[in-house]
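Okay, here's what each chain looks like letter by letter:
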Amino acid sequence: MKERALLELENTNKLEELEQLRIKFLGKKGELTQVLRGMGSLSSEERPIVGQVANEVRVLIENGIEKVKEKLKEESKNIKLNAEILDISMPGTQIEKGHRHPLIGVMEELENIFMSMGFSIVQGPEVETVYNNFDALNSPENHPSRDPSDTFYITDDILLRTHTSPVQIRTMKENKPPLRIVSAGRTFRFDDVDDTHSPMFHQLEGLVVDKNITMANLKHTIDMFIRELFGSQMKTRFRPHYFPFTEPSAEVDVSCLKCMGKGCEACNGTGWSMELLGCGMVHPNVLRNCGIDPEIYSGFAFGLGVDRIAMVKYGINNIRLLFENDMRFLNQF
Ligand code: PHE
């Protein structure tokens, strides 16, 4: 049995075979186990001799199995290592680098201009309450912008903000005047996609509240900002407009960047880039809704389309380009 076991051991070259072999000799019903079990029927002289031999054979087989096991493990490790050989002199795979998005660049540029003018930057959530987005902003119950065909409602009281103006409300509720903040971020409207519209776009909101703030402060701030952004030769034009949250309200056009106001095909000969910005004096109701006394304080607010500004700045005529993340487009900036 010893010889047979050792011979079989030598011919074993798989770990599973080795286990079979262990069971065959040393398992519960193994050959050697049978011998040891049968010892009861031997005479008292035979018993120690057979016992000794059987034990020697057991140790021999056990050690043999251990050795072969080590050898097989070593071999399989070497096979694995050989398969994993790594040539560190091979050139690596090129990973395409990310690129700063032109829109984020423009947003930071705008924020930097306002910071240099003494504004602080605040953030507001994209998911807002209907109260902050409409009610507190003095938006009438029947205002068309409240319609579910214009606004993404999540529940009756929660929506995706349709503008950055709710950040005005949050700021005024949490802080006392004087206030001087801007806040930029994503906004959402139920618009079909075309060259100038996208259901997700970006606005930057500004708010100043203090004693004795007038329309002159508003106009000066906007003019300074536009000249800082586009150059000192830029002109602005304030057209009367209506927003529920400001009174009086205005829309601002700036000189067409292509012809600098002379009139070209890009501006339909008008010389103006239209509707870059909405603004006005904060409505007394809005101040009141936020616990600020309109008899003591007044303020102005403005909101501008960041995507619009980016498009005017870079001469992009299709808003889709800003959101498709095509590297051939993004790499140009
Ligand atoms: N929230 C307005 C809009 O989305 C813009 C605006 C902001 C107008 C602040 C006036 C004051 O059109």
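None of these values were measured; they are calculated from a predicted model.

Secondary structure assignment for the chain yields twelve helices and nine strands. Rg of the C-alpha trace for the chain: 40 Å, well past the compact-globule value of 20 Å for 333 residues, more than 25% over. Oriented by its inertia axes, the alpha-carbon framework of the chain measures out at about 120 × 50 × 40 Å. For the chain, with 333 residues in total, the buried portion stands at 40%. A sequence separation of at least 24 residues applies to 65% of the contacts in the chain between residues at least 6 apart. Charged side chains of the chain number 39 positive and 48 negative; the gap between the two group centres comes to 4 Å.

A separate point is the nonpolar core. In terms of nonpolar packing, the biggest core is built from 39 residues, with Leu110, Leu204, Phe225, Leu277 and Phe302 touching the most fellow members. Among all residues touching leucine 277, those that are not within four sequence positions of it are Ile222, Phe225, Ala250, Glu251, Val252, Phe302, Gly303 and Leu304.

Enumeration over the complete set of coordinates arrives at 14 salt bridges. The salt bridge partner of lysine 313 is glutamate 109, with a shortest N-O separation of 3.2 Å. Within this pair, whereas lysine 313 is found in helix α10 (residues 306-314), its partner glutamate 109 is found in helix α5 (residues 102-116), the two being separated by 204 residues in sequence. A relative accessible area of 25% places glutamate 109 in the partly exposed class. Among the ionic pairs, arginine 170 bridges to glutamate 128, the shortest N-O distance being 2.5 Å. With arginine 170 in helix α7 (residues 166-174) and glutamate 128 in strand β2 (residues 127-129), the pair connects residues that are 42 residues apart, well separated along the chain. The exposure class of glutamate 128 is buried, given its relative accessible area of 1%. Linked through salt bridges whose partners overlap, the residues forming this network are Arg237, Arg239, Glu251 and Asp253.

Right, let's talk about the packing of aromatic side chains for a bit. Considering all chains together, one arrives at nine aromatic pairs under this definition. With centroids separated by 5.3 Å and ring planes inclined at 75°, the aromatic side chains of phenylalanine 114 and phenylalanine 119 adopt a geometry described as edge-to-face. Connected via pairs of aromatic rings, a cluster forms that spans Phe114, Phe119, Phe225, Phe300 and Phe302. It is arginine 180 that lies over the ring of phenylalanine 119; its NZ or CZ is 5.7 Å from the centre.

Glancing now at the site of the ligand. In the vicinity of the ligand there are 14 residues, among which His163, Ser165, Arg189, Gln203 and Glu205 approach most closely. In this structure, serine 165 approaches the ligand through a side-chain N or O atom, which is 2.9 Å from a nitrogen atom. Here an oxygen atom of the ligand and a side-chain polar atom of arginine 189 are 2.9 Å apart. When isolated, the ligand has an accessible area of 320 Å², and the protein chains bury 90% of it. For the shell around the ligand, the secondary structure elements donating two or more residues are β5 (200-210), β8 (272-282) and β9 (298-305). No other element matches β9, which puts three residues into the shell around the ligand.

According to UniProt, the "domain: Aminoacyl-transfer RNA synthetases class-II family profile" (unreviewed entry) feature falls on residues 106-324. Within the segment residues 106-324, helix and strand shares are 27% and 30% respectively, and the terminal C-alpha atoms sit 17 Å apart.

What follows covers the environment of leucine 32. Residue placement: leucine 32 occurs in helix α3 (residues 31-37). For leucine 32, a relative accessible area of 4% corresponds to the buried category. Residues leucine 32 and isoleucine 61, spaced 29 residues apart in sequence, show a C-alpha to C-alpha distance of 9.9 Å. Ignoring sequence-local partners within four residues, the contact set of leucine 32 consists of Met1, Phe25, Leu26, Ala54, Val57 and Arg58.

What counts, and where the lines are drawn
- Residues numbered from 1 in each chain as written.
- Predicted model: local features only at pLDDT ≥ 70, side-chain atom pairs only at ≥ 80, totals over all residues.
- Heavy atoms only, no water.
- Helix = DSSP H or I, 4+ residues; strand = E, 2+ residues; numbered from the N terminus.
- Rg over C-alpha atoms; globule rule 2.2 N^0.38 Å.
- Buried < 20%, exposed > 50% of the residue type's maximum accessible area, 1.4 Å probe, protein only.
- Contact = heavy atoms within 4.5 Å.
- Lys, Arg positive; Asp, Glu negative; His and termini not counted.
- Charge placed at Lys NZ, Arg CZ, Asp CG, Glu CD.
- Core = buried A, V, L, I, M, F, W, Y, C linked by side-chain atoms within 4.5 Å.
- Salt bridge = Lys/Arg side-chain N within 4 Å of Asp/Glu carboxyl O.
- Phe/Tyr/Trp six-rings, centres within 6.5 Å; stacked < 30°, edge-to-face > 60°.
- Lys NZ or Arg CZ within 6 Å of the ring centre and 35° of its normal.
- Near = heavy atom within 4 Å.
- Polar contact = N/O pair within 3.5 Å; in protein donor to acceptor, adjacent residues only side chain to side chain.
- Areas by Shrake-Rupley, 256 points an atom, 1.4 Å probe, with all protein chains shown as cover.
- UniProt positions renumbered as here; feature names shortened; annotations may be inferred.

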